[in-house]
Amino acid sequence: EPEVTQTPSHQVTQMGQEVILRCVPISNHLYFYWYRQILGQKVEFLVSFYNNEISEKSEIFDDQFSVERPDGSNFTLKIRSTKLEDSAMYFCASSDPTSSSYEQYFGPGTRLTVT
Amino acid sequence: AQSVSQHNHHVILSEAASLELGCNYSYGGTVNLFWYVQYPGQHLQLLLKYFSGDPLVKGIKGFEAEFIKSKFSFNLRKPSVQWSDTAEYFCAVGGSSASKIIFGSGTRLSIRP
């Protein structure tokens, strides 16, 4: 069964550094999403992406965040200058617009630790 | 405002006990409801979903949930839990388009063998 993959599984970075989290969505999916889960808290929506542009973003997704689909398979989340509070598990998801269920399929997540 | 409330933070049950996890939502417009499960060390998996039709939906591993529109609820049930059901369970709500999913805070389920 096709699945969403994410790399790396764990990223440790110093405060102020830039990080890029990578995702490979399911191949025929056209909607892409990033969510994050701070330890002990709920999963929060960050951004959705369709047709090479942001469809929706949350208040968390400020100017230090950006997303890109650099090629036909990858979907990336960039954090320009990381802060301690960016430490979280980041989940990528994708969905198939032709499906009536709009089910989102989640990747295994990247644990980001900012020191 | 769009939100999802899960009433139980941590539930502890013995094997073979029955399970019901509460979920209430606040959402304008057409609503799609989900239960996701996150087993220890694993990623989010869809347990079941409701989009329309029969308000009693059946999912994987013997789970079911009932959508009660008048109560804005979508409670998860299982008649007899197993040790392998130990996990975090998230109720979630989404719109009718491919829009964001809003998650509840999760319920940690621990099963005593």
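Below is a summary of the structure that appears in this document. (Residues numbered from 1 in each chain as written. Chains lettered and ligands numbered in written order. Predicted model: local features only at pLDDT ≥ 70, side-chain atom pairs only at ≥ 80, totals over all residues. Heavy atoms only, no water.)

### A few points about the overall build of chain A
Per the secondary structure count, chain A includes 0 helices and 11 strands. Its helices and strands taken in sequence order, chain A reads β-β-β-β-β-β-β-β-β-β-β from the N to the C terminus. On C-alpha atoms alone, chain A measures out to a radius of gyration of 13 Å, which is about the 13 Å that the 2.2 N^0.38 rule sets for 115 residues. Its C-alpha atoms give chain A principal-axis dimensions of about 40 × 25 × 25 Å. Taken over 115 residues, chain A has a buried fraction of 47%. For chain A, the share of sequence-separated contacts (at least 6 apart) that also reach a separation of at least 24 residues comes to 54%. (Helix = DSSP H or I, 4+ residues; strand = E, 2+ residues; numbered from the N terminus. Rg over C-alpha atoms; globule rule 2.2 N^0.38 Å. Buried < 20%, exposed > 50% of the residue type's maximum accessible area, 1.4 Å probe, protein only. Contact = heavy atoms within 4.5 Å.)

### Notes on the pairing of strand β8 (residues 64-68) of chain B
Residue and element names in this part refer to chain B. Pairing of strand β7 (residues 56-58) with β8 involves 3 bridges; the strand directions are antiparallel. Directly across from leucine 56, in β8, lies its bridge partner glutamate 66. Hairpin connection between β7 and β8: a loop of 5 residues separates the two successive antiparallel strands, and lysine 61 in this loop has a positive phi of roughly 60 degrees. What sits between β8 and strand β9 (residues 73-78) in their antiparallel hairpin is a turn of 4 residues, with phenylalanine 72 showing a positive phi close to 50 degrees. (Pairing = 2+ DSSP bridges.)

### Quick look at the environment of B:Pro113
All names here are of chain B. Of note, proline 113 is situated in the segment after β12 (107-112). Residue proline 113 is classed as exposed on the basis of its relative accessible area, which comes to 83%. Residues proline 113 and serine 14 lie 99 residues apart in sequence; the distance between their C-alpha atoms is 6.4 Å. Residue contacts for proline 113: discarding those within four places in its chain leaves Glu15 and Trp83.

### Details of the nonpolar core
All names here are of chain B. With 30 residues, the main nonpolar core has Leu33, Trp35, Leu47, Leu48, Phe74, Leu76 and Tyr89 as its most contacted residues. Counting residues per element, the ones that place at least two in this core are β2 (10-14), β3 (19-21), β5 (32-38), β6 (45-50), β8, β9, β10 (87-94) and β12. Per-element tally for this core: the top contributor is β10, with 4 residues. Excluding residues that lie within four positions of it along the chain, leucine 48 makes contacts with Leu33, Phe34, Trp35, Val57, Lys58, Gly59, Phe63, Glu64, Ala65, Phe74 and Leu76. (Core = buried A, V, L, I, M, F, W, Y, C linked by side-chain atoms within 4.5 Å.)

### Things to note about the sheet that holds strand β8 (residues 75-79) of chain A
Residues and elements named next belong to chain A. Taken in spatial order, the 4 strands of this open sheet run β1-β3-β8-β7, and their pairing is antiparallel. If you trace the sheet from one side to the other, it starts and ends with β1 (5-7) and β7 (65-68), each paired once. The mean angle between the axes of side-by-side strands here comes to 20 degrees, regardless of whether they run parallel or antiparallel. As paired strands, strand β3 (residues 19-24) and β8 are joined by 5 bridges and run antiparallel to one another. Within β8, the position partnered with isoleucine 20 by the bridge is lysine 78. (Axes fitted to C-alpha atoms, helices over the stretch in contact; angles between N-to-C directions.)

### Observations regarding the interface of chain B and chain A
Counting residues at the interface gives 18 residues for chain B, matched by 17 residues for chain A. Summing the contributions of chain B and of chain A, the shared interface buries around 1,600 Å²; its carbon and sulfur component is 60%. Of all residues in chain B, B:Ala98, B:Lys100 and B:Phe103 bury the most surface against chain A, accounting for 32% of the area lost on that side. At the junction of chain B with chain A, the criterion picks out 2 salt bridges. The interface formed by chain B and chain A contains 6 residue pairs in polar contact (both at pLDDT 80 or more). When contributions to the side of chain B that touches chain A are tallied by element, the ones reaching two or more residues are β5, β6 and β11 (101-103) of chain B. Along the lines of polarity and charge, the residues of the side of chain B that touches chain A split into 9 nonpolar, 7 polar and 2 charged. (Buried area = accessible area lost by both parts, 1.4 Å probe. Salt bridge = Lys/Arg side-chain N within 4 Å of Asp/Glu carboxyl O. Polar contact = N/O pair within 3.5 Å; in protein donor to acceptor, adjacent residues only side chain to side chain. Nonpolar A, V, L, I, M, F, W, Y, C, P; charged D, E, K, R; others polar.)

Functional significance is not addressed by these values, which are geometric in nature.
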